[in-house]
Amino acid sequence: MRRLAAVALLVALVWPASAGALDWTPHVARAAAWAKARQGSVTFAVRTEDRLWGRALDRQVPSASVFKAMLLATYLRRSSVRHRELTHDDRALLRPMIRRSDNVAATRVRDIVGNPAVVRLAKRAGMTRFAIRDVWGLSLITARDQTRFFLRIERLLPARHRAYALRLLRMIVPSQRWGMAQVIPGGWTLYFKGGWGSGTGAVDHQVGLLARGEDRVAIAVLTVNNPSHDYGKATLKGVSRRLVAGLARAR
């Protein structure tokens, strides 16, 4: 018994309980039941520093423009960029790529950084089922991996450019602030990126980080085969609303 007690004490010292852990649980069952009644395929994940919840967490789907958040981090982590001031040319690529989801800018950034650098970022973020494709919007992502990335995005971004990158993700243009962006709990700030397959409904995704003080919650809602883009946006909003219910009051 004394040996077991000593082992337990050692574990407690090496892996201490999270101080001030967020006292909140997402309404996964309600979100899953609502998603099941929707047309198309819906997967989602919610992650805090010590917990993960979700539905079909490892189902791979085409990334669409969600991929651009990974491009942003990859570009800023380059050895030729991370320790210097950003130039006008840097900002002229990154700002439209994120804030209004410009595809031409994204392709230019991908050509600059190269696919292997994006794969290295995915590995550093702990992604296990990310698959790069030559057509970047067809790269495969999962809800589990995207919450891994967004929960760690502040640490993955170089300190010099962290505030700039987060500002871009916070200031998505109003016309693209649908879905989860419409159900942000009071007191929380959302940093996010959406992806939609040319507005057809074939793909409608949103992934993001909710921050309040030291609290962090990463959310990914990924949908495919929606009958329309508007339908996909409604699915994203409905799933997100149910997942974050009660978060404004959480301590």
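These notes cover the structure that comes with them. (Residues numbered from 1 in each chain as written. Predicted model: local features only at pLDDT ≥ 70, side-chain atom pairs only at ≥ 80, totals over all residues. Heavy atoms only, no water.)

Observations concerning the sheet that holds strand β2 (residues 52-55)
Pairing is antiparallel in the open sheet, where five strands are placed in the order β2-β1-β7-β6-β5. What marks the edges here is a single partner per strand, and that holds for β2 and β5 (189-196). Geometrically, the sheet is characterised by an average inter-axis angle of 5° between neighbouring strands, direction not taken into account. When strand β1 (residues 41-47) meets β2, the two strands line up antiparallel, connected through four bridges. Note that in β2 the partner of Ala 45 across the bridge is Gly 54. Across the sheet, helix α2 (residues 28-36) is in contact with β1 and β2; its angle to β2 comes to roughly 15°. (Pairing = 2+ DSSP bridges. Helix = DSSP H or I, 4+ residues; strand = E, 2+ residues; numbered from the N terminus. Axes fitted to C-alpha atoms, helices over the stretch in contact; angles between N-to-C directions. Contact = heavy atoms within 4.5 Å.)

Focus: helix α3 (residues 67-76)
Most of α3 sits inside the fold, with 10 of its 10 residues counted as buried. Phe 67, Lys 68, Ala 69, Met 70, Leu 71, Leu 72, Ala 73, Thr 74, Tyr 75 and Leu 76 are the residues of α3 that are buried. In this structure, the buried residues of α3 make contact with α4 (88-99), α5 (103-113), α6 (115-125), α7 (143-151), α9 (162-170) and β5. (Buried < 20%, exposed > 50% of the residue type's maximum accessible area, 1.4 Å probe, protein only.)

Side note on the environment of Tyr 191
Following the sequence through the fold, Tyr 191 ends up in strand β5. The spacing of Tyr 191 and Arg 167 is 24 residues in sequence and 7.9 Å in space, taken between C-alpha atoms. With residues near it in sequence (within four places) discarded, Tyr 191 still touches Phe 150, Leu 166, Leu 169, Arg 170, Val 207, Gly 208, Leu 209 and Ala 211.

From the geometry alone we can't say anything about function, so treat these as descriptive.
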